[in-house]
Amino acid sequence: MLLHLTGNMDRYNFAFNGLTYDQSQPVRLPYRQRIWVTLVHDTMMEHPIHLHGMFNELDTTADHRRRPLKHTVSVKPGEKLHYYLTAGERGRWAYHCHLLYHMEAGMFTTAEVA
Ligand SMILES: [Cu+2]
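Treat the numbers as computed from the prediction; the structure is a model and nothing was measured.

Undergrad: Whenever I open this one, the overall build of the protein confuses me. Can you help?
TA: What the protein contains, in helices and strands, is one helix and 11 strands. Reading the secondary structure of the protein in the N-to-C direction produces β-β-β-β-β-β-β-β-β-β-α-β. Its C-alpha atoms give the protein a radius of gyration of 14 Å, within 12% of the compact-globule value 13 Å for 114 residues. When its C-alpha atoms are laid out on the principal axes, the protein stretches across 40 × 35 × 20 Å.

Take a look at the structure:
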């Protein structure tokens, strides 16, 4: 799954995949599947991306043996991060930037695990 963090500093809006919350559809996650997530950051500000209900297994080490479990993944401008996400909890979960003014500017969506 690819999540592209997008935004426009002139208009001060932020979004996932170019879509603000009112434009977006829930991200569909099949229950119990382990999903490889790629976060591509294409804005000028750092975003702590938070998925409720589930852990992300960060793939940050060269040997891929240690994978820190995180609820919130901080992404720096221009960075590309990879992690595993196991969709182990059914329901609809908030998926958003944890800076509240970014969230209110559009960087909020939901994940539907079914
Ligand atoms: Cu943000």
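Undergrad: Could you clarify how one ought to interpret the environment of Ser24 in this entry?
TA: For Ser24, the position within the fold is in the loop between β2 (13-16) and β3 (27-29). For the pair Ser24 and Phe108, spaced 84 residues apart in sequence, the C-alpha to C-alpha distance is 8.8 Å. Ignoring sequence-local partners within four residues, the contact set of Ser24 consists of Phe16, Leu19 and Thr109.

Calculation criteria
Residues numbered from 1 in each chain as written. Predicted model: local features only at pLDDT ≥ 70, side-chain atom pairs only at ≥ 80, totals over all residues. Helix = DSSP H or I, 4+ residues; strand = E, 2+ residues; numbered from the N terminus. Rg over C-alpha atoms; globule rule 2.2 N^0.38 Å. Contact = placed C-beta atoms within 7 Å.

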